[in-house]
Amino acid sequence: MLCTRRTKTLVSTCVILSGLTNIVCLLYVGWITNYVANSGAKVAESGAAEDRKLEEDSVGILERLEKLESVVNEHIRDAPQKDGEDPPSSSDPASSLFDRWGHDLGPESRRVALQKFRYYGYNSYLSDRISLTRPIPDSRPEGCRNASYASELPQLSIVFIFVNEALSVLLRSVHTAVLRTPAHLLREIILVDDHSSSLELKYHLQRFVDETNAQHGPEFIKVVRHERQEGLIRSRISGWRAATAPVVALFDAHVEFNVGWAEPILQRIKEDRTRVVSPSFDNIKYDTFEIEEYPLSAQGFDWELWCRYLNPPKSWWSQKNQTAPIRSPALIGCFVVDRDYFREMGLLDEGMEIYGGENVELGIRVWQCGGSVEVLPCSRVAHIERAHKPYTSNLTAHVRRNALRAAEVWMDQYKSHVYMAWNVPLQNSGIDIGDLTQRKALRSRLRCRPFSWYLASVYPELRYYGDIVAYGVLKNSLRDDLCLDQGQNSDNIPIMYQCHGMTPQNVYYTGSQQLRLGVLSPTIDDDDNKCLVDVNSKPRLLECSYAAARHLMLMWTITQVTGDSGRGAELPPELGRFNVLQPDAEIFLPQRFDFSLGWRFQPSKLTFNPCACQRL
């Protein structure tokens, strides 16, 4: 399960671009931290601080969501270390394992703990020493504890997906499922091993399965082993195919179930089989294994189709009932569904790779095709937020491919937003997203609504960018390795920097002649995008709505600079790497920048000084 709480967009970018180096990623995290502390400080000289308008009831949850930024930062780690490798030095980011834990360990124990951490992405050394059935805090809202449910609820198959999971973590998932699910409701547990290389997941796990089945029945725990690695998406489908209960719960294998988690979900599905339901998740800290209570949230996504936690909608707050189901635009990956309805809806898209985006696609599909998605406050499950992810060190490439695939099938004309967010051209992107024939036929067969209905009726919080006429990066043609970049946000000053492909260099040119730089701001609850602004004849990056409200200079005519000034012929696309959305839009790009006068920054011409480029 890969998902973030409400965080500053640049930090989220660092998390998802796992294929790039940690050094670059951590640098940008530092920049965004400085931005949070200093944003608007320079502009305060020319105007008052920006007004913030939030719903009175939602202030508390937004503050709590902001505090979870540290969880996202903890995702930024190297790829897992293989067994037998030497532990990293104290300067390695993985050494943060001992920031809050293990101070009394000896050198050899620290070495073993760190090696295990690098392999699994969490503190399996500590997990091995924690009870498999430890009690965890009951984080349900007060009203849930006296709730009553129907005497006859459908039975449940719980599916756990894993690859090279720590055995103690996997067994704790199974033990808490058995302990905290009423016996008459739990038909079976299915373990899908996606071609793990760990020997203990073969012999020791099988011994546990045999012993458990001797107590509960020969088919109580089933093991499905893949002969080759299929990825999380196809593994979930393998688990669904092995399930026999009328309701199937699909989970990661690093969770702990809380008391009373199953009954509210089964009640909602019994009432309406077209509901796809998620519990509310708490966090198991990867280093200390402490339980961190997460605030109640809906589950949505940004335009890259990365899942994210959202403030519950206004309609939920207006009920003044924290036990009420939360209407949710999407899913974060772990969910419970009527078994037959899941098949009728087309399962997950098996044309996608590894994982990432399949949960968002399912949520969009369910809503557009007549079902609904909701999160239940009365069902709580704790989940480990890994420090690094399994399967691949370049998850971003798979998520991008999966996102473009979902966009082509379900998002109609709004698919352009996904292409813009990933900074790839709408036509001839060079990315093979596979055959879409069957998925488009599924949409036609189910007679699904258009994506415009989904945006208006289900996810109105998602920002829409209808005025962007071109997007890409701005390169310096005299130094082809330099791109316009957000720079260090302590001063909100843009720079020319080595081109690296990360979202701080994404540029969007609007029909209102604004130059926006960075990631597309995903929802109306997030800060607005940054615009290139002339503040007292100096270049600055400020929130677009802030600059517009104060009538600052943020309208730009993008032209070539030939000699002193003037407008030349349009550049070849490869020089500026701009993708024009509107065929009739006339976009002229800077061919060369003035290197002689430092920062010369005029609304009619963009000029940059190479001295502004920081070399690391």
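K.L.:
Please clarify how helix α7 (residues 167-180) should be interpreted in this entry.
P.N.:
Note that an α-helix has 3.6 residues per turn; residues three or four places apart therefore point the same way. For α7, spanning 14 residues, the distance from its first C-alpha to its last is 20 Å, which sits close to the expected 20 Å at 1.5 Å a residue. Among the 14 residues in α7, 11 count as buried, and that is most of the element.

K.L.:
Can you help me understand helix α14 (residues 395-410) in this one?
P.N.:
Spanning 16 residues, α14 covers 22 Å between terminal C-alpha atoms, matching the ideal 22 Å at 1.5 Å per step. Of all 16 residues that make up α14, 14 are buried, and the element is covered over most of its length. Trailing α14 by a residue or two, Asp412 shows a phi angle of about 50 degrees, which is positive.

K.L.:
Honestly, the pattern of salt bridges in this entry has me stumped. Any pointers?
P.N.:
Applying the stated criterion across every chain, the model contains 29 salt bridges. One salt bridge in this structure joins Arg111 and Glu108, with 2.9 Å as the shortest N-O distance. Of this pair, Arg111 and Glu108 both sit in helix α5 (residues 107-120), 3 residues apart, roughly one helical turn. For Arg111, a relative accessible area of 32% puts it in the partly exposed group. Of the residues examined, Glu108 reaches a relative accessible area of 48% and is grouped as partly exposed. In this structure, Asp282 and Arg380 form a salt bridge, with 2.3 Å as the shortest nitrogen-oxygen distance. Of this pair, Asp282 sits in strand β6 (residues 275-284) while Arg380 sits in strand β12 (residues 372-384); the two residues are 98 residues apart in sequence, bridging distant segments of the chain. For Asp282, a relative accessible area of 2% puts it in the buried group. Residues joined by salt bridges that share partners form a network here, namely Asp349, Glu361, Arg365, Arg405 and Arg439.

K.L.:
I'm lost on the state of the cysteines in this one. Help?
P.N.:
Disulfide: a covalent bond connecting the sulfur atoms of a pair of cysteines. The final tally for this structure, using the stated rule, is 4 disulfides. In this model, Cys369 is linked to Cys448 through a disulfide, with the two sulfur atoms separated by 1.9 Å. Torsion about the S-S bond of the Cys369 and Cys448 cystine: about 100 degrees, corresponding to right-handed handedness. Of this pair, Cys369 sits in the loop between α13 (358-368) and β12 while Cys448 is found in the loop between α16 (437-446) and α17 (451-457), placing the two residues 79 residues apart along the sequence. Judged by its relative accessible area of 14%, Cys369 falls in the buried class. What pairs with Cys483 in a disulfide is Cys499, and their sulfur atoms sit 2.0 Å apart. Residues Cys483 and Cys499 share a disulfide whose torsion about the S-S bond is about 95 degrees; that sign makes it right-handed.

Conventions adopted
Residues numbered from 1 in each chain as written. Predicted model: local features only at pLDDT ≥ 70, side-chain atom pairs only at ≥ 80, totals over all residues. Heavy atoms only, no water. Helix = DSSP H or I, 4+ residues; strand = E, 2+ residues; numbered from the N terminus. Expected span 1.5 Å × (residues − 1). Buried < 20%, exposed > 50% of the residue type's maximum accessible area, 1.4 Å probe, protein only. Salt bridge = Lys/Arg side-chain N within 4 Å of Asp/Glu carboxyl O. Disulfide = S-S within 2.5 Å.

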